[in-house]
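# Architecture and fold: a report
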Amino acid sequence: MNAINPRSAGTSALSLYGVDVDSRLLLGTARFPSPQIMSDAVKAARAAIVTVSVRREAARANTGQQFFELIKALGVRVMPNTAGCRTPKEAITTAQMARELFESDWIKLEVIGNDDTLQPDLFGLVEAAAVLCRDGFKVFPYTTEDLVAAERLLAAGCEVLMPWGAPIGSGRGLANPYALKSLRRYFAKVPLIIDAGIGAPSHAVTAMEMGFDAVLLNTSVAAAADPVRMALAFAGAVQAGRMAFEAGLMERRDMAAPSTPVAGTPFFDLERP
Amino acid sequence: MQPASSKRASVLVNGKPTVTEALTLAELLSELGYGEGHFATALNGAFVPRAARTQARLAPQDRIEIVAPRQGG
């Protein structure tokens, strides 16, 4: 039987905090042209996890309830974020509110240290992660490629890390592939999800070929001219990249090596220089 | 200037100054019309679980956050 399951396509399962996840593409739900397009994109991406947020609610607005119903109808796992939080305290309280709202102890932990780059405040991140892990949260920290910060996050109780590819919404791909490769090598057994900066399916393929376990993206799909079609493109890219990683890529060479056998080449003459 | 009633306090609700007679967070939510909606709360930066709102007493200048699910990346 040669049928390929389009969801996993023969790639190994991903386990996050002991939960088997059958898609290596995580999708954000923001910035879509409409709720319907967002829903269609999540399905097209075959995403098993979507990220959401909490925001101030006006009295009698009921906006949150409507959005939550829409998300629940998708049948995917929900990962709330602490987007926009600038201190550990803000992030911790936001996570606690999100846990009550979404009835999920998974949290994408963001502690932002710079408004222009949306770079994580790694010191605040470690501090907040330690508190939340002790409080029973399954913390997915949005971090940089910094190896020491990664070690501290793991020591704080995180079992998954989410290093950035490039600043959120920049679409620049993997800005520091060398450091990301080092991180991947060093933490061979830790699930690593590239979060942020992925602008094109080719970036996702590269991340997956490098052995990252999954990618989390939002703007590159939501801001596409046709988000649903782009979601399909990313689904294919993530699958192709993962299969390539598992298949084992050839070693890169500096000089050419003929693919066609040299032996028996017509007109071959040892005397000819 | 109007003499302020001793029972009325000014608090910040989602960053907006709000005058209320409520003594607890639960009373404030009801007074503002939040009812049984799907939202979570914090008082002065600390999470207040749904079940604890009736015990969360308010003081002048308290900062209250009322949040709900929203799109996110």
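Residues numbered from 1 in each chain as written. Chains lettered and ligands numbered in written order. Predicted model: local features only at pLDDT ≥ 70, side-chain atom pairs only at ≥ 80, totals over all residues. Heavy atoms only, no water.

If you look at the interface, chain B gives 26 residues, while chain A gives 29 residues. Carbon and sulfur atoms supply 55% of the area buried between chain B and chain A, which totals about 2,400 Å² over both sides. Interface area lost by chain B to chain A is led by His 38, Arg 70 and Gly 73 of chain B, which between them contribute 28%. Here chain B is connected to chain A by 4 salt bridges. For the pair chain B and chain A, the number of links is 20 residue pairs in polar contact (both at pLDDT 80 or more). Those elements that place two or more of their residues in the side of chain B that touches chain A are β3 (40–43), β4 (46–48) and β5 (63–71) of chain B. Of all the elements, β5 of chain B adds the most residues to the side of chain B that touches chain A, at 7 residues. Looking at the side of chain B that touches chain A, its residues break down into 12 nonpolar, 10 polar and 4 charged. As paired strands, strand β4 (residues 49–56) of chain A and β5 of chain B are joined by 5 bridges and run antiparallel to one another. (Contact = heavy atoms within 4.5 Å. Buried area = accessible area lost by both parts, 1.4 Å probe. Salt bridge = Lys/Arg side-chain N within 4 Å of Asp/Glu carboxyl O. Polar contact = N/O pair within 3.5 Å; in protein donor to acceptor, adjacent residues only side chain to side chain. Helix = DSSP H or I, 4+ residues; strand = E, 2+ residues; numbered from the N terminus. Nonpolar A, V, L, I, M, F, W, Y, C, P; charged D, E, K, R; others polar. Pairing = 2+ DSSP bridges.)

Our focus in this paragraph is the confidence of the model for chain A. Scored by pLDDT, chain A comes out at a mean of 93, with 96% of its residues at no less than 70. Counted against residues more than four places away or in other chains, residues 1–8 of chain A, with its pLDDT under 50, gives 8 contacts. (pLDDT = per-residue confidence, 0-100.)

Moving on, we come to the pattern of salt bridges. If you walk through the whole model with that rule in mind, you get 13 salt bridges over all chains. Residue Arg 70 of chain B is joined to Glu 57 of chain A by a salt bridge in which the shortest nitrogen-to-oxygen separation is 3.0 Å. You can see Arg 70 of chain B sitting in strand β5 and its partner Glu 57 of chain A sitting in the loop between β4 and α2 (63–73), one on each of two chains. On the accessibility criterion, Glu 57 of chain A (5% relative accessible area) is buried. For Arg 86 of chain A, the salt bridge is made with Asp 115 of chain A, and the minimal N-O distance between the two is 2.9 Å. Note that Arg 86 of chain A is positioned in the loop between β5 (77–80) and α3 (88–102) and Asp 115 of chain A in the loop between β6 (106–109) and α4 (122–134), a separation of 29 residues in sequence. Salt bridges here are not isolated pairs; linked through shared partners, they connect Glu 100 of chain A together with Arg 50 and Arg 53 of chain B. (Buried < 20%, exposed > 50% of the residue type's maximum accessible area, 1.4 Å probe, protein only.)

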